[in-house]
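Here's the letter readout for the chains.
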Amino acid sequence: MSDRISGDAAPRIAMFGGTFDPVHLGHLRSAVELRECLALDRVHMLPAHVPPHREAPGVSAAERLAMLEAGIGDTPGLVADARELDRDGPSYSGETLASLRRDYGEQARLVMSVGMDAFLRLHEWREPQRLFELAHVVVIERPGHRGPLPAALARLVAGREAADAEALLRRPAGGVLHVRLPSRMAISATGLRTRLAAGRSVRYLLPEAVEDYVRSRNLYRSLEPSG
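Residue numbers restart at each chain and count upward from 1, following the sequence in its written direction. With the structure being a predicted model, the display of local features is reserved for residues of pLDDT at least 70 and the display and counting of side-chain atom pairs for 80 or more, all residues being used for whole-chain, interface and lining totals. Only heavy atoms go into the side-chain values, all of them from the structure, while hydrogens and water stay out.

Let's talk about the nonpolar core
Definition in use: Here, nonpolar core refers to any group of buried Ala, Val, Leu, Ile, Met, Phe, Trp, Tyr and Cys residues whose side-chain atoms link them within 4.5 Å. Here's how the labels work: a residue is buried when its accessible area is under 20% of the maximum for its type, exposed when over 50%, partly exposed in between, all with a 1.4 Å probe on protein chains only. Only runs of H or I of at least four residues qualify as helices and only runs of E of at least two qualify as strands under DSSP, and these elements are numbered from the N terminus. Here, residues are in contact when the closest pair of their heavy atoms is within 4.5 Å.
Among the nonpolar cores identified, the biggest contains 38 residues, and L38, M45 and M67 are the most heavily contacted of them. For this core, the element with the highest residue contribution is helix α1 (residues 25-38), accounting for 5 residues. In contact with M67, other than residues within four places in its own chain, are F20, P22, V23, V59, V210, Y213, V214, L219 and Y220. By size, the runner-up hydrophobic cluster in this structure holds 25 residues, among which are L100, M112, M116 and W125.

Right under this line is the structure:
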């Protein structure tokens, strides 16, 4: 896959956020397939410092970042990005997108990827209109999760739907695209924490390097399994 970042064409960049508590093969495979689907140059995988819409992570920010770096390894186009961990307070997506926009310029094709569950609450996020001023929203669908949109969300995304990736990326920001990635690996970080707390196998659910990191530091074993 070509890299436009050093060339004349506008770079194609994605923000792929999460708690990554721990990062697992579902996260990483989705990031790889998102890059392929949209012909992206880079996918920035960003561990949230303080997620504003969910329970705080069970291990430290430094440990989650280290697991992400270990999981990515030398995978082309994937970047472990610590910028949300370097900020105080909640990890608001608008601030992260603005930071990426400053890095890559006004003509960069900037994408924020979200799962369907998060998308259905997008209108409740902080300054949702600003998200579209900064980036496109790409919704990673799961089977059985498509349905009527809340009225406020329908108003927010009205007229923004793109037919395909190329139509979406003709502009730097402002559109919505729904994609179904090929693998759709149904791996749950909550389930992994439960398995680790109970001392059960997580083989073939975590990258080997992440499993080694977790085992070497005895992570999650002292935690009560949480939702």
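Focus: the pairing of strand β1 (residues 12-18)
Let me state the cut-off plainly: Any two strands are treated as partners once DSSP identifies two or more bridges connecting them.
Taking burial as the measure, the 7 residues of β1 include 5 buried ones, the bulk of the element. The sheet contact formed by β1 and strand β4 (residues 109-115) spans 5 bridges and is parallel. When the sheet's bridge partners are listed, M15 is paired in β4 with M112. The sheet contact formed by β1 and strand β2 (residues 42-47) spans 6 bridges and is parallel. Looking at β2, one finds that G18 is bridged to P47.

Section: unusual backbone geometry
Cis geometry marks the peptide bond from D21 to P22; its omega dihedral reads 5 degrees. For P22, the position within the fold is in the loop between β1 and α1. A positive phi is found at Y220, a non-glycine position, where the angle reads about 70 degrees. By relative accessible area, Y220 is classed as buried at 2%.

Concerning the environment of A186
Its place among the elements puts A186 in the loop between β6 (176-179) and α8 (189-197). With a relative accessible area of 85%, A186 lands in the exposed category. A sequence separation of 160 residues divides A186 from G26, and the C-alpha atoms of the two residues are 6.9 Å apart.

Looking at the packing of aromatic side chains
Note the threshold: Paired rings are identified among Phe, Tyr and Trp, the last through its six-membered ring, by centres lying within 6.5 Å, and are further divided according to the angle between planes into stacked (under 30 degrees), edge-to-face (over 60) and tilted (the rest). The criterion is that NZ of a Lys, or CZ of an Arg, lies within 6 Å of the ring centre and within 35 degrees of the ring normal, and then a charge sits over that ring.
Considering all chains together, one arrives at 1 aromatic pair under this definition. Centre to centre, the rings of F16 and F20 are 6.3 Å apart; their planes meet at 10 degrees, and the pair counts as stacked. With relative accessibility at 1%, the residue F20 sits in the buried group. For R126, the ring lying beneath its charged end belongs to Y92, and the centroid distance is 4.4 Å. Here the guanidinium or amino end of R160 rests over the ring plane of F132, the centre of that ring lying 4.3 Å away.

A few points about the side chain of E141
For clarity, the threshold we go by: Here a polar contact is taken to be a pair of N or O atoms separated by no more than 3.5 Å, where protein atoms must pair a possible hydrogen donor with a possible acceptor and residues adjacent in sequence count only if both atoms sit in side chains.
As for its position among the elements, E141 is in the loop between β5 (136-140) and α6 (151-157). In this structure the side chain of E141 is engaged in a polar contact, spanning 3.1 Å, whose partner is the side chain of R180.

Observations concerning the sheet that holds β4
Which entries qualify depends on this criterion: Every axis in this analysis is a line fitted to C-alpha atoms, fitted for helices over the stretch in contact. Angles between the N-to-C directions lie between 0 and 180 degrees.
The strand order across the open sheet built from 6 strands is β3-β2-β1-β4-β5-β6, with neighbouring strands paired in parallel fashion. At either margin of the open sheet sits one strand with a lone partner, and together these are β3 (78-80) and β6. Taking each pair of neighbouring strands and ignoring which way they run, the sheet shows an average axis angle of 25 degrees. Contacting β2 and β3, helix α2 (residues 61-72) crosses the sheet at an angle of about 160 degrees to β3.

Focus on α1
Note on helix geometry: an α-helix contains 3.6 residues per turn, so any two residues three or four positions apart are oriented the same way. Which entries qualify depends on this criterion: Expected span of a helix, by definition, is 1.5 Å for each gap between consecutive residues, and there is one gap fewer than residues.
For α1, built from 14 residues, the straight-helix expectation of 20 Å at 1.5 Å per residue is met to within 8% by its first-to-last C-alpha distance of 20 Å. Most of α1 sits out of view: 10 of its 14 residues are buried. Within α1, burial applies to G26, H27, L28, S30, A31, V32, E33, L34, R35 and L38. Where α1 ends, the next residue or the one after it, A39, has phi of about 50 degrees, a positive value.

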